[in-house]
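# Topology and contacts: notes
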Amino acid sequence: GRAFIEPKASLGHAANFLYMLLGKEQDEEVVKMFDSALTLHADHEFNASTFTGRCIAATLSDIYSAVTGAIGALKGPLHGGANEQVMKMLLRVGDPSNAKEWITDALARKEKVMGFGHRVYRTEDPRATHLRSFSERMGERTGEKQWFQMSKMIEEFILQEKKLYSNVDFYSASTYYLMGIPLDLYTPIFAMSR
């Protein structure tokens, strides 16, 4: 029921998105991190959603069907929907003091822990390196360091126990959360970046 916030011609794409979403202009550091996150999410090769879009387009179907199909593939929790699942996991863990026990129990239950492993990268996803830094910086900026602390503890445990590295989804979850972005927009932001 609120009034639509018009974009400002003086702001770039990332700055306008955050302004229109959150109702106020964000400072330059937050905008730069979000703009970089958009680039990091867009920068990938022949992934599941790209493949889906190209398959549909190759049948000479219309562009709307190709984009819709690509977004449908992206939405899956094993693809672009993973960062939303990561944040839901962190919210369930709740506090760094619970992280080790929670992740140990989750693995014992054979629960899938999102945000780890990648079909292409067998070492750390290079995008995760940047997003880890963003998560830590956003935690310092907001005074909510627990999200980064929990993430770091879980990341170290999964690497030690499962030999899986974090991927682009893992730290984008807490970065977006600390920027004030609602969880249900994580996948649309992934699609928007692409």
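Scroll up a little and you will see the structure.
Nothing here was measured: the structure is a model prediction, and the numbers come from that model.

## Some thoughts on the overall build of the chain
- A tally of helices and strands in the chain yields ten helices and zero strands.
- Order of helices (α) and strands (β) in the chain, N terminus to C terminus: α-α-α-α-α-α-α-α-α-α.
- The dimensions of the chain, computed from C-alpha atoms along their principal axes, are 45 × 45 × 30 Å.
- Burial status across the chain gives 42% buried among its 194 residues.
- For the chain, long-range pairs separated by at least 24 residues make up 70% of all intrachain contacts whose partners lie at least 6 apart in sequence.
- Element-wise, carbon and sulfur atoms account for 54% of the exposed surface of the chain, whose accessible area totals about 10700 Å².

## Topic: the packing of helix α5 (residues 82-93) against helix α9 (residues 168-179)
- The contact between α5 and α9 brings their axes to 8 Å, and the two run at 70°. The orientation of α5 with respect to α9, classified from their angle, is roughly perpendicular. For the pair α5 and α9, the crossing hand works out as right-handed. Contacts between α5 and α9 involve A82, N83, V86, M87, M89, L90 and L91 from the former and D169, F170, S172, A173, S174, Y176 and Y177 from the latter.
- Here the contact of α5 with α9 is built from residues that sort into ten nonpolar, three polar and one charged.

## Comments concerning unusual backbone geometry
- Notably, L60 is not glycine yet its phi reads approximately 70°, a positive angle.
- Mapped onto the fold, L60 is located in the loop between α3 (48-58) and α4 (63-74).
- Even without being glycine, K110 reaches a positive phi, approximately 60°.
- By the secondary structure assignment, K110 is in the loop between α6 (96-108) and α7 (126-142).

## Comments concerning the layout of surface pockets
- Of the volumes computed, that of the second largest pocket is approximately 260 Å³.
- Around the second largest pocket sit 13 residues that line it, and S49, T50, V67, A70 and R194 are the ones nearest its centre.
- Elements that contribute at least two residues to the lining of the second largest pocket include exactly α3 and α4.
- Taken together, the residues of the lining of the second largest pocket break down into eight nonpolar, three polar and two charged.

## Observations concerning the pattern of salt bridges
- Evaluated as defined, the whole model comprises eleven salt bridges.
- As a salt-bridge pair, K88 and E84 come within 3.2 Å of each other at their nearest N and O atoms. Pair noted here: K88 and E84 are both in helix α5, with a separation of four residues, about one helical turn.
- We classify K88 as partly exposed; its relative accessible area is 32%.
- Of the charged contacts, one joins E155 and R132 as a salt bridge, the two residues approaching to 2.6 Å between their closest N and O atoms. Within this pair, whereas E155 is found in helix α8 (residues 146-162), its partner R132 is found in helix α7, the two being separated by 23 residues in sequence. Judged on exposure class, the residue E155 and its partner R132 are both buried.
- One connected set of salt bridges, linked through shared partners, spans D27, E29, R137 and R141.

## Points about helix α10 (residues 186-193)
- Residues Y186, T187, I189, F190 and S193 constitute the buried set of α10. Seen from one end, α10 has its buried residues packed into an arc of 160°, which puts them on one side.
- Considering only its buried residues, α10 is in contact with α1 (13-22), α2 (28-42), α4, α5 and α9.

## Comments concerning the nonpolar core
- Grouped together as the largest cluster of nonpolar side chains are 46 residues, with contacts concentrated most on F34, M89, L90, I154, Y176, M179 and I181.
- Not counting residues up to four positions away in its chain, the partners in contact with M179 are L22, V30, M33, F34 and M138.

Scoring rules and cut-offs
Residues numbered from 1 in each chain as written. Predicted model: local features only at pLDDT ≥ 70, side-chain atom pairs only at ≥ 80, totals over all residues. Heavy atoms only, no water. Helix = DSSP H or I, 4+ residues; strand = E, 2+ residues; numbered from the N terminus. Buried < 20%, exposed > 50% of the residue type's maximum accessible area, 1.4 Å probe, protein only. Contact = heavy atoms within 4.5 Å. Areas by Shrake-Rupley, 256 points an atom, 1.4 Å probe, with all protein chains shown as cover. Axes fitted to C-alpha atoms, helices over the stretch in contact; angles between N-to-C directions. Parallel < 35°, antiparallel > 145°, perpendicular 65-115°, else oblique. Left-handed = near helix turned anticlockwise from the far one by under 90°. Nonpolar A, V, L, I, M, F, W, Y, C, P; charged D, E, K, R; others polar. 1 Å grid on protein atoms, 1.4 Å probe; cavity = no way out; pocket = protein on both sides within 12 Å on 5 of 7 lines; lining within 4 Å. Points joined across faces, edges and corners; volume = space filled by probe spheres on them. Salt bridge = Lys/Arg side-chain N within 4 Å of Asp/Glu carboxyl O. Arc of directions from axis to C-beta. Core = buried A, V, L, I, M, F, W, Y, C linked by side-chain atoms within 4.5 Å.

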